[in-house]
Amino acid sequence: KPKKRWGFLRTLWRITYISLLGGAGYMAYTIYDLKHPNEQFEPDPSKKTLVVLGSGWGSIALLKKLDTENYNVIVVSPRNFFLFTPLLPSCTTGYIEHRSIMEPIRNILRHKKAAVKYYEAEATKIDYKNKKVTIRDDSDVKGDNMETQVDFDMLVVGVGAENATFGIPGVREHSCFLKEVGDAQKIRKKIMDCVETALFKDQSEDEVKRLLHMVVVGGGPTGVEFAGELQDFFQQDLLKWMPQIKDNFRVTLVEALPNVLPMFSKQLIDYTESSFKEEHIDIRTKTMVKNVTDKTIEAQITLPDGTKKIETIPYGLLVWATGNAVRSVVKDLMGQIPAQKDERRGLKVNEYLVVKGTENIWAVGDCAIANYAPTAQVAAQEGAFLARLFNTMAKTDVIETELQELSEKQATAKADDRNQILNEITERQRQLRRTKQVGPFQYSHQGSLAYIGAEKAVADVSWFTGNIASGGTMTYLFWKSAYLSMCFSSRNRILVMMDWMKSRIFGRDVSRE
Ligand code: FAD
Ligand code: NAI
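None of the values given here were measured: they were computed from a predicted structure. (Residues numbered from 1 in each chain as written. Chains lettered and ligands numbered in written order. Predicted model: local features only at pLDDT ≥ 70, side-chain atom pairs only at ≥ 80, totals over all residues. Heavy atoms only, no water.)

### A look at the nonpolar core
In terms of nonpolar packing, the biggest core is built from 122 residues, with Val157, Phe249, Leu386 and Phe390 touching the most fellow members. Shared between two domains, this core takes at least three residues from each, and those domains are domain 2 (40-161 + 326-393) and domain 3 (171-324 + 444-506). Filtering out sequence-adjacent residues up to four positions away, Phe390 remains in contact with Leu50, Leu62, Leu66, Tyr71, Met154, Val156 and Trp362. Counting 14 residues, the second-largest nonpolar core is a separate cluster that includes Val215, Val217, Ile297 and Ile313. (Core = buried A, V, L, I, M, F, W, Y, C linked by side-chain atoms within 4.5 Å. Buried < 20%, exposed > 50% of the residue type's maximum accessible area, 1.4 Å probe, protein only. Domains from an automatic or database assignment. Contact = heavy atoms within 4.5 Å.)

### Regarding the site of ligand 1
The immediate surroundings of ligand 1 are formed by 30 residues, with Gly58, Thr85, Ala123, Asp366 and Tyr483 found nearest. Contacts to ligand 1 include Ser77, whose side-chain N or O atom sits 3.3 Å from an oxygen atom. Here Thr85 contributes a side-chain N or O atom positioned 2.6 Å from an oxygen atom of ligand 1. Isolated, ligand 1 exposes 1000 Å² of accessible area, and the fraction of that covered by the protein chains is 90%. Counting residues per element, the ones that place at least two in the shell around ligand 1 are helix 2 (57-65), strand 2 (72-77), strand 6 (122-127) and helix 11 (376-412). It is helix 11 that provides the largest number of residues to the shell around ligand 1, a total of 3 residues. In terms of residue class, the shell around ligand 1 is made up of 13 nonpolar, 12 polar and 5 charged. (Near = heavy atom within 4 Å. Polar contact = N/O pair within 3.5 Å; in protein donor to acceptor, adjacent residues only side chain to side chain. Areas by Shrake-Rupley, 256 points an atom, 1.4 Å probe, with all protein chains shown as cover. Helix = DSSP H or I, 4+ residues; strand = E, 2+ residues; numbered from the N terminus. Nonpolar A, V, L, I, M, F, W, Y, C, P; charged D, E, K, R; others polar.)

### Regarding the layout of surface pockets
Of the voids in this model, the second largest pocket is the one considered here, and its volume is about 600 Å³. Lining the second largest pocket we find 24 residues, and of these Asp33, Leu34, Asn107, His111 and Phe488 sit closest to its centre. Top contributing element to the lining of the second largest pocket by residue count: helix 1 (residues 2-35), with 5 residues. Here the residues of the lining of the second largest pocket sort into 9 nonpolar, 7 polar and 8 charged. (1 Å grid on protein atoms, 1.4 Å probe; cavity = no way out; pocket = protein on both sides within 12 Å on 5 of 7 lines; lining within 4 Å. Points joined across faces, edges and corners; volume = space filled by probe spheres on them.)

### Quick word on the sheet that holds strand 5 (residues 117-120)
Strand order in the open sheet formed by 5 strands is 5-2-1-9-20, and the pairing between neighbours is parallel. The open sheet has two edge strands, strand 5 and strand 20 (361-363), and neither has a second partner. Averaged over all neighbouring strand pairs, the angle between strand axes comes to 15°, with direction disregarded. Sheet strands in contact with helix 2 are strand 1 (49-53), strand 2 and strand 9 (154-157), and its direction is about 145° off that of strand 1. (Pairing = 2+ DSSP bridges. Axes fitted to C-alpha atoms, helices over the stretch in contact; angles between N-to-C directions.)

### Overview of a nonpolar patch on the surface
The grouping of Trp6, Phe8, Leu9 and Leu12 at the surface amounts to a nonpolar patch, some 450 Å² of accessible area in total. Examined against the element boundaries, Phe8 turns out to sit in helix 1. The class for Phe8 is exposed, based on a relative accessible area of 53%. (Patch = residues over 30% accessible without salt bridge, like charges linked within 9 Å, V, L, I, M, F, W, Y side chains within 5 Å. Salt bridge = Lys/Arg side-chain N within 4 Å of Asp/Glu carboxyl O.)

### Brief notes about the packing of aromatic side chains
Under the criterion given, the structure shown has 16 aromatic pairs. Ring centres 5.5 Å apart and planes at 65° place the aromatic pair Phe385 and Phe441 in the edge-to-face group. Of this pair, Phe385 sits in helix 11 while Phe441 sits in the loop between helix 12 (415-435) and strand 22 (447-453), and the two are 56 residues apart along the sequence. For the pair shown, Phe385 and Phe441 are each scored as buried. Three or more aromatic residues joined by ring pairs form one cluster here, namely Trp57, Phe82, Phe84, Tyr451, Tyr476, Trp479, Tyr483 and Phe488. If you follow Lys64 out to its NZ or CZ, it ends over the ring of Phe488, 4.8 Å from the centre. Sitting over the face of the ring of Trp500, Lys480 holds its NZ or CZ atom 4.4 Å from the ring centroid. (Phe/Tyr/Trp six-rings, centres within 6.5 Å; stacked < 30°, edge-to-face > 60°. Lys NZ or Arg CZ within 6 Å of the ring centre and 35° of its normal.)

### What to know about the pattern of salt bridges
This structure, assessed with the given rule, holds 23 salt bridges. A salt bridge links Glu69 to Lys113; its shortest N-O distance comes to 3.7 Å. Of this pair, Glu69 sits in the loop between helix 2 and strand 2 while Lys113 is found in the loop between helix 4 (105-110) and strand 5, placing the two residues 44 residues apart along the sequence. Lys189 serves as the salt-bridge partner of Glu513, at 3.8 Å between the closest nitrogen and oxygen. In this pair, Glu513 sits in the segment after helix 14 (490-506) while Lys189 sits in helix 6 (residues 181-198), placing the two residues 324 residues apart along the sequence. According to the relative accessible area criterion, Glu513 is exposed, its value standing at 75%. On the accessibility criterion, Lys189 (35% relative accessible area) is partly exposed.

### A look at the side chain of Arg79
Inspection of the secondary structure assignment puts Arg79 in the loop between strand 2 and strand 3 (81-83). Arg79 sits in the buried class, given a relative accessible area of 17%. Side chain to side chain, Arg79 and Glu180 meet in a polar contact 2.9 Å long. Once residues within four sequence positions are removed from consideration, Arg79 is found in contact with Ser55, Gly56, Tyr118 and Glu180.

In structure tokens form, the structure reads like this:
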């Protein structure tokens, strides 16, 4: 009997040993590969120029899968990195450091077979008729030339969206958004500034209450995830270092609709709302913000009897997360295309993601209107679809040229050779038919996930048999592992894991800078 037990342990040890060795080998290979890109070749200048605008989910998914040797690829984006947005709310409290979820675009492009040009610039105008994009360097350091034009044969617009403010006065001046790395850094600094200012000597009680009132407007997933992260920061770290703030630190989530997280099932909405109650996060539904000043928001509240009243709510930190609006460069393009004139939400695309009313412009992600929610999941699938489509189009072009050459050869060939050429033509035609079989874009929804604080998450996940709705700590572990596996690179994965560990062991860093 003891012999058998040792035998089992030995087998277990061998499996663990081999898996660890395999894991370490894989990691070593990915690190080596990352640091030692192969030589790149310059693409053929006679090929078509494909310009890609943006370095977000849609554009990067396209670039990852695109065979760059088939086109002259030019990428234009003011952000020289890809940002893994699902973990951005964690950066606002320092649970994760922002650089851990950024992947430099140079790393991504340097690993392509054929060189890709990248310009750190904003596209300010797309001239549809003349096939030109005006680009401007908006960074802090500018050279003598700050603005120029790029010609395109094919254009992919993946510029995302900007923050919706609905023209509400004071929003842009006084609130923080949560879309970019800079936004998360600004919030992190402001949280600590509010706390330290509240602890300033002889601060009045009303002022302390105001400064420690953290208001989040918008009960979509961005607002909910941020509110959860902020309350965690308070419970797990701030309270330990500054117990004096215990009675006055409050997080309030303001939502115009009757409930938060409208894209989740009723069961998960109820679960989130009750969990927020337990965590002492105040949810104010049916409350629409109408005006913002430097210290207060004015909101219209719909009472249970249907009457409305205006309430003024003082705040120290205001985070505005009320969804997406169309970027000006996209609005301008829409104005040039008659088929886009009635659309307000973004570029209408067909089932191949071609911008309606054009032949050589495609749109992906939040700036495209394809009847899907503006999520990373949709943007990434659209980008990958376009890569397949473009790779196929390039192959098709090659086969069509070969067919043309064979037909010409056949016309002048001797009778003996004609049969052989005819066979080759038939084979190429068959190849062409097979290659052209790219169906329209079909979105496959994997589910929705959101962190709700206190180490709980909610998930509406698609499964073979239908949808599974779950919420709680196990879902949080699933959320963590799902997003860890989705990080762009092994480097990102290691950095995120180290940040999680560091915050667990030492707590979040509460320095203001
Ligand atoms: P983006 O990723 O926003 O990229 C746009 C790119 O265009 C950027 O590189 C930008 O710099 C560039 N750009 C902007 N203007 C110009 C210009 N004029 N010229 C050239 N380039 C320009 N979705 C999920 O599915 N799951 C999640 O968990 C999730 N969490 C999120 C958390 C937060 C905090 C936020 C803000 C969003 C989250 N989303 C999530 C939504 C998701 O991030 C977006 O749907 C996704 O980023 C859209 O991809 P995109 O490529 O269209 O745009
Ligand atoms: P959203 O559009 O999902 O939600 C914005 C909310 O703000 C709405 O519920 C709206 O009713 C409310 N609102 C608007 N104006 C208001 C006002 N004046 N006063 C009070 N409330 C007001 O926006 P969000 O959360 O920024 O998300 C944008 C997109 O990104 C969505 O498609 C979302 O699905 C996606 N996303 C997904 C995440 C996830 O899957 N975990 C996380 C974050 C974003």
